[in-house]
Amino acid sequence: MAGVKKTTTKKSLFKAVFQNSTVAIAILDSKDRIVEVNPAACKLFGAGKKKLMGKSIEKFLKSSLDWQNPQERVETQLKEYQGELKTVEYSQVKDVSSQHNLLVLRDLTDFQRQTAAELDLYYQRVELFAEVTLKIRQSLQLHEILQTAVTEVQRILQADRVLIYQVFDNGTGMPIKEAVLPDFKPIIGIEFPEEVFPADYRQLYTKGRVRAITDVRAKNADVAECLIEFMDQWQIKSKLVVPILQNVQIDQGIKGDRLWGLLIAHQCQAIRDWTEFEQELMQQLADQIGIALLQSKLLANLEGLVAERTAKLRQEINVRTKAEVALRHSEEQLRLIANGLPVLIAYVDCHQHYRFNNQAYQTWLALDPEEICDRHLAEVHGDDEYQQISPYVAKALEGETVTYERDLALQDGCVHSLSVTYIPHIQQQNMIQGFFALTSDISDRKAIERMKDEFISVVSHELRTPLTSIHSSLKILATGKLGSLSSQGERMLKIADEQTERLVHLVNNVLDLQRIQSGKITMNKQACKARDLMVETVQAMKTFAQEQGIRLSFKPNEFVVWADRDYIIQTLTNLVSNAIKFSPSNSTVILSAAIDSQNNSDSKHQSISYITFAVQDRGQGIPQDRLETIFERFQQVDSSDSRKKGGTGLGLAICRQIVEGHGGQIWAESCFEQGSTFYFTLPEHKASNQQSINFS
Ligand code: ADP
């Protein structure tokens, strides 16, 4: 009996659960027909139990049941029933008794709707927040940002008043921006006394406190009496306050939050319960204002820097403009000078392109500036002319200052003599950038020189014939064959003979120099032993040396030079003669020859070696500043030399012409009162240099 009772109790218990369950339960036969449903199932299907009994469940469900593979949770939809579409979740329990299966269903429609609504709300809020943030961020001007913030918050919250209150360092503060409905009194610009915003409030806000007060007068609002009074003036019933914090440098390297102000919303018409969303929105917008404050500070800094730099730049531009004006002015002046000069002035770069040329190019050569500027020398002058000038151009571009003369037909149709000088333009690190070219017309000078030479030549020739006969007549007189002379007469005759000899010597020298200079004579060069040249010189000068009490010596050598024997003996004789003349008696004049090591390393003439001849004396010496000039015509260190020593001042000029005619150089070195050494170089003759060797 007890077992029966127990079973009955259990049954009634299950029945109670079945009847009262909020979950819909349907018992189906093997063909999915409803054999039993609970009230929750009737509610779900929207029909009474009687109507449902015997109906196939497939009439209600959109998906069909698979009992081979019963599912624990399937989400599907009910077929439209009473115009409503419901989403359900069901579980299949197979074979709860023989031939019966159980289907447990739960209505998900409300749950889904609620979830969708929450999501919608969430998206709306995100969009709203994004929209307001964007509006705030669109401006870089702080006052605009703050105004946008209050206007937007007021619009979204539908608050009666929204304001931004700025906290000052002394504890007071003032609303600086406000959006208020027309029905309510504006509060902007009113300074709040310190007691309505005490220090402990400030501290709490600095820590991020948000205050949402539904009813400012309510006890639990815990608002100080003085503050309630203050708020009454502005009809404030509810308020929501969030701090605006600014991240600033507090200590060296440490950053922290500073309470910059408050974002406040007031409700004045009636009390208002601030929702979590509203609080959150205010909070987030206050954060955005904090960021904007930081950015505007940076911007202000940046603007300061920009202003400072702009001022500096302006100053720099001023200085530069002035410098440019000055430069242009000086350039104009230079151009004016360059154009006014009666010479060709040009600058040619290292690639042989003209970079500058003065006006004279147009008047002399009939070349327009555009026909010259930036063009290559060959293009401007033509190939033939370029061939002639290019060796000098090459030298200038190697860093050597070169001067040469050339004849050229100018625009007037006449051939002019021109002197051309190239001066290399050398910059730091010895880099050659180009050269300056100066060309002057020396036709007049040349004509005068020619006339002078001709005059000298004519005069010398005209003098030589009578001089020769005077000289011979004097010699005959001196023999005494035409009668004897008194001793005074003999002395006078001797003086006349000496002076005539000097005159003959001078005239011969003048004619020699003139002939060599004019290129009328050709050097008859051949292989000559240096030793032979020196021996012959010594032989010729022996008597003169003995008369002066001078010893002549020479160092033997085996060098062979390529030279005109007679002219070189003339050169050596002149140098030895000077050495004897200017040496004290009882001293030695030494002749020597050596291979010239410097000229040997000449990269351009590697195959040519030079022999340096030297004539050394122990005489009075030559001052340093005269070492160059003595090689010019009629130059003597002491003007009395010609009288005392009997010279003409032409000997060294002739020597230079002869040596240069051999491709050599001549110079002197001297120590005053210790002696002088005269050097000259001649090309060495090597068997390979010339085909035939013809020793004389
Ligand atoms: P000159 O016929 O007058 O010697 P040069 O042309 O040969 O003409 O020499 C020019 C001048 O150079 C001389 O007048 C003299 O002043 C100086 N000179 C030449 N050789 C010597 C020397 N060896 N020692 C000192 N002075 C010299």
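Note that the structure is predicted; figures quoted are calculated from it, not measured. (Residues numbered from 1 in each chain as written. Predicted model: local features only at pLDDT ≥ 70, side-chain atom pairs only at ≥ 80, totals over all residues. Heavy atoms only, no water.)

Novice: Could you give me a rundown of helix α13 (residues 443-479), with the residues and numbers involved?
Specialist: Taking 1.5 Å per residue as the helical rise, α13 with its 37 residues ought to reach 54 Å, and the 53 Å between its terminal C-alpha atoms agrees with that figure. Bending of α13 peaks at approximately 25° at the position of R464, with proline P466 no more than four residues after it. Restricting attention to buried positions, one finds in α13 the residues S443, S457, S460, L467, H471 and L474. Its buried side turned inward, α13 meets β14 (415-427), β15 (431-441) and α14 (487-517). Trailing α13 by a residue or two, G480 shows a phi angle of about 85°, which is positive. (Helix = DSSP H or I, 4+ residues; strand = E, 2+ residues; numbered from the N terminus. Expected span 1.5 Å × (residues − 1). Bend = angle between axes of the 7 residues up to and from the residue. Buried < 20%, exposed > 50% of the residue type's maximum accessible area, 1.4 Å probe, protein only. Contact = heavy atoms within 4.5 Å.)

Novice: How would you summarise the domain arrangement of the protein if you had to cite specific residues and measurements?
Specialist: Domain boundaries in the protein define domain 1 (2-107), domain 2 (121-302), domain 3 (341-441), domain 4 (447-515) and domain 5 (523-683). Contacts between the two partners involve nine residues from domain 4, matched on the other side by 11 residues from domain 5. Taken over both partners, the interface formed by domain 4 and domain 5 buries close to 840 Å², and the fraction arising from carbon and sulfur atoms is 63%. Of all residues in domain 4, the largest losses of buried area upon contact with domain 5 belong to R502, N509 and L513, amounting jointly to 59% of the total for that side. Summed over the shared surface of domain 4 and domain 5, the result is zero salt bridges. The tally of links from domain 4 across to domain 5 stands at one residue pair in polar contact (both at pLDDT 80 or more). Elements represented by at least two residues in the side of domain 4 that touches domain 5 include exactly α13 and α14. Examining the composition of the side of domain 4 that touches domain 5, we find that seven residues originate from one element, α14, more than from any other. The residue makeup of the side of domain 4 that touches domain 5, split by class, is three nonpolar, two polar and four charged. (Domains from an automatic or database assignment. Buried area = accessible area lost by both parts, 1.4 Å probe. Salt bridge = Lys/Arg side-chain N within 4 Å of Asp/Glu carboxyl O. Polar contact = N/O pair within 3.5 Å; in protein donor to acceptor, adjacent residues only side chain to side chain. Nonpolar A, V, L, I, M, F, W, Y, C, P; charged D, E, K, R; others polar.)

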